[in-house]
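Coordinates in review
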Amino acid sequence: MAGLYVHIPFCKQACHYCDFHFSTDISTRLEMCKALVSELVLQKDYLAEEITTIYLGGGTPSLLNRAELDILFSSIRTQFTLAPQTEITLEANPDDLTKEKLEEIRASGINRLSIGIQSFNDNLLKYLNRAHDAQGARRCLETVREAGFNNISIDLIYAIPGLTQKIWKETLQEALSFLPEHISSYGLTIEERTVFGNWSKRGKLHPVDEENSAQQFELLMAILSHSGYEHYEISNFCKPGFHSRHNSSYWKQSRYLGIGPSAHSYNGDSRQFNIRNNASYIRSINEGIVPFEREVLTRENKINEYILTTLRTDWGCDLSFLKLHLEDDLLHRCGDNLSLLQQKGLLTIGNGILLLSRKGKLLADKIAEDLMVSV
Ligand code: SF4
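Throughout this document, residue positions are counted from 1 along each chain, in the order its sequence is written. Since the coordinates come from a predicted model, pLDDT governs what is reported: local features require at least 70, and pairs of side-chain atoms require 80 or more to be given and counted, while whole-chain, interface and lining totals use all residues. In computing side-chain properties, one takes all heavy atoms of the structure into account and sets aside hydrogens as well as water.

Below, the discussion takes up helix H11 (residues 299-310). Secondary structure elements follow DSSP: runs of H or I of four or more residues count as helices, runs of E of two or more count as strands, with numbering from the N terminus. In a helix, the anticipated span is given by 1.5 Å times the number of residues less one. Compared with the 16 Å implied by 1.5 Å per residue over 12 residues, the 16 Å span of H11 between its first and last C-alpha is a close match. Type-normalised accessible area, obtained with a 1.4 Å probe on protein chains alone, sets the label of each residue: buried when under 20%, exposed when over 50%, and partly exposed for intermediate values. Turning to H11, its buried residues are Asn301, Ile303, Asn304, Tyr306, Ile307, Thr309 and Thr310.

Turning to the domain arrangement of the protein, a few remarks are in order. Domain delimitation in this document rests on an assignment produced automatically or drawn from a domain database. On domain assignment, one finds that the protein holds domain 1 (2-250) and domain 2 (299-371). Using C-alpha coordinates to define each centre, domain 1 is positioned 29 Å away from domain 2. With 12 residues of domain 1 in contact, the opposing surface of domain 2 contributes eight residues. Buried area: the accessible area, evaluated with a 1.4 Å probe, that two parts lose upon being put together, summed over both parts. Both sides of the domain 1 and domain 2 interface together cover about 970 Å² of buried area, and 60% of this is carbon and sulfur. Area buried by domain 1 at its contact with domain 2 is led by Met221, Tyr232 and Ile234, which between them contribute 46% of it. The term salt bridge refers to a side-chain nitrogen of Lys or Arg lying within 4 Å of a carboxyl oxygen of Asp or Glu. For the interface between domain 1 and domain 2, the tally reads one salt bridge. Here Glu233 makes a salt bridge to Arg312, at a shortest N to O gap of 2.8 Å. Two N or O atoms count as a polar contact when they lie within 3.5 Å, although within protein this holds only if one can serve as hydrogen donor and the other as acceptor, and sequence-adjacent residues are included solely when both atoms are side-chain atoms. For the pair domain 1 and domain 2, the interface holds five residue pairs in polar contact (both at pLDDT 80 or more). Contacts are residue-level and defined by heavy atoms, with any inter-residue pair within 4.5 Å sufficient.

Attention now moves to the site of the ligand. A single heavy atom is enough: if one lies within 4 Å of a molecule or strand, its residue is considered near that molecule or strand. Around the ligand, the surrounding shell consists of Cys11, Gln13, Cys15, Tyr17, Cys18, Phe22, Gly59, Thr60, Asn93 and Arg130. Put simply, Ala, Val, Leu, Ile, Met, Phe, Trp, Tyr, Cys and Pro go in the nonpolar bin, Asp, Glu, Lys and Arg in the charged bin, and everything else, Gly too, in the polar bin. Of the residues belonging to the shell around the ligand, the class tally is five nonpolar, four polar and one charged.

Attention shifts here to the nonpolar core. Taken as a class, soluble globular proteins show a tendency for nonpolar side chains to be buried jointly. Within this scheme, the nonpolar core is defined by two criteria: the residues are buried Ala, Val, Leu, Ile, Met, Phe, Trp, Tyr or Cys, and they are joined through side-chain atoms within 4.5 Å. Among the nonpolar cores identified, the biggest contains 101 residues, and Leu113, Leu330 and Leu371 are the most heavily contacted of them. For this core, the two domains that each supply at least three residues are domain 1 (2-250) and domain 2 (299-371). In this structure, Leu371 is in contact with Ile307, Leu311, Leu330, Arg333, Cys334, Asn337, Leu338, Leu341 and Leu354, ignoring residues within four places of it in sequence.

By way of backbone hydrogen bonds, the strands of a sheet pair with one another, either parallel or antiparallel. In short, DSSP must find at least two bridges between two strands for them to pair. With respect to topology, three strands assemble into an open sheet ordered E13-E15-E14, the strand pairing being antiparallel. Two strands lie at the open edges of the sheet, namely strand E13 (317-318) and strand E14 (347-350), each paired on one side alone. Direction of pairing for E14 relative to strand E15 (residues 353-356): antiparallel, over a ladder of four bridges. By the bridge assignment, Ile349 is partnered in E15 with Leu354.

Let us now look at the packing of helix H1 (residues 29-42) against helix H2 (residues 66-79). For every element, the axis is a line fit to its C-alpha atoms; helices are fit only across the contacting stretch, and the angle between N-to-C directions ranges from 0 to 180 degrees. In the contact formed by H1 and H2, the axes pass within 9 Å of each other and the chain directions differ by 5°. Looking at the two axes, H1 sits roughly parallel to H2. Here H1 contributes Arg29, Leu30, Cys33, Leu36, Val37, Leu40 and Val41 to the contact with H2, which in turn contributes Glu68, Ile71, Leu72, Ser75, Ile76 and Gln79. Considered class by class, the residues forming the contact of H1 with H2 number nine nonpolar, two polar and two charged. Convention used here: angles under 35 degrees read as roughly parallel, angles over 145 as roughly antiparallel, angles from 65 to 115 as roughly perpendicular, and any remaining angle as oblique.

In terms of burial, strand E12 (residues 292-296) is a largely surface element, zero of the five residues being buried. Alignment of strand E11 (residues 270-274) against E12, held across five bridges, turns out to be antiparallel. From the neighbouring strand, Phe273 faces E12, where its bridge partner is Glu293.

Attention shifts here to helix H5 (residues 134-146). Think of an α-helix as turning once every 3.6 residues; residues three or four places apart then point the same way. Taking 1.5 Å per residue as the helical rise, H5 with its 13 residues ought to reach 18 Å, and the 19 Å between its terminal C-alpha atoms agrees with that figure. Of the surrounding elements, those touching the buried residues of H5 are helix H3 (99-107), strand E4 (112-118), helix H4 (122-128) and strand E5 (152-158). Backbone geometry just downstream of H5 places Gly148 in the positive-phi region, at approximately 95°.

Let us look at the pattern of salt bridges. Within this structure, the stated rule accounts for 19 salt bridges. Here Glu103 and Lys99 are joined by a salt bridge, their closest N and O atoms 3.9 Å apart. Pair noted here: Glu103 and Lys99 are both in helix H3, with a separation of four residues, about one helical turn. Residue classification places Glu103 among the partly exposed positions, given a relative accessible area of 48%. When its relative accessible area of 54% is taken as the criterion, Lys99 is described as exposed. Between Asp328 and Arg333 there is a salt bridge whose closest N-O contact spans 2.8 Å. A cluster of three or more residues bridged by salt bridges with shared partners is formed by Lys12, Asp95 and Asp96.

Bringing unusual backbone geometry into the picture now. Cis rather than trans, the peptide bond between Gly58 and Gly59 has omega equal to 20°. Among the structural elements, Gly59 can be located in the loop between strand E2 (51-58) and H2. At Gln253, a residue that is not glycine, the phi angle is positive and equals roughly 60°. Along the chain, Gln253 turns up in the loop between helix H9 (245-251) and strand E9 (255-259). The phi angle at Asn351 is positive, at roughly 50°, despite the residue not being glycine. For Asn351, the position within the fold is in the loop between E14 and E15. In this structure Asn351 comes out as exposed when scored by relative accessible area, which is 82%.

See the structure below:
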């Protein structure tokens, strides 16, 4: 079981909060697609297993046209063995998803869409500098259903300055009216190298305080669980059977190969990070060299990654896995801390599995940090 991630590093415009790697200069799109194909060839032996999930992320993969999608998928199918019923996800922005584009997407074998809706409120969409408006978001979701996609995920952002509990509730209700199979929802974080980061430094933006952010997260959990969604990872909710298999494989420590500028790969013992620059990436790939840095994971790194990722999930942190595979006796190492967390109602331990309570999910990163080993 292994995953393949392909990074498409182009966007029509820069959202004010976004720290992902992308360029708004889309003139090198075809050149980039050819470089991605070359990297697929160069990296074809990285994964020994068959591919069970493919994820086209970015950037904005929905900018790709039929010919570009064809080039990529024909190379993927040549270089790798795909499992039957491979989950193939494309990240998409609402303004790209016309009826014609959706037909092209379907024809290339993509069977899951992750759509960057973010909000149904025009003022907030403008504030975030999204390329679509609320009406565009609604139209897109209707068109996607008409085109026959039956596995869609909607991204929504909370903790945006100006997002009240009332607007957030309306946003969630409107999202639910489209019956999405999956919802990913993240609290806005202000990243340094973004417009919001700059505004924040100059005092033009005041991040939402922790209490308000927590209230919006609680509302999210309450409304989605009431509507039959499983909260299977801190920021991810799904109808039964519709969890993101690709993202889950990251949290289950499966191997994956990342293709494209800024993409990461993981083979169980090390992580590789491709360079975050389109021109340098293309130049290096054209010389037959994948431009990456490698980090070899120590036992301590592996323990910490395991605790951090699994505590965020509904399958939890398996104490026997830690003992057996990483020689870490967490119960012994952090016994007092774990008892305290249990007494406070932040986590439970049953059958050797640590699980965060609803209250604990609000403090997930802090709790995980306290259980980590020092490196
Ligand atoms: S949020 Fe998505 S669409 Fe916006 S700039 Fe980032 S990658 Fe591009």
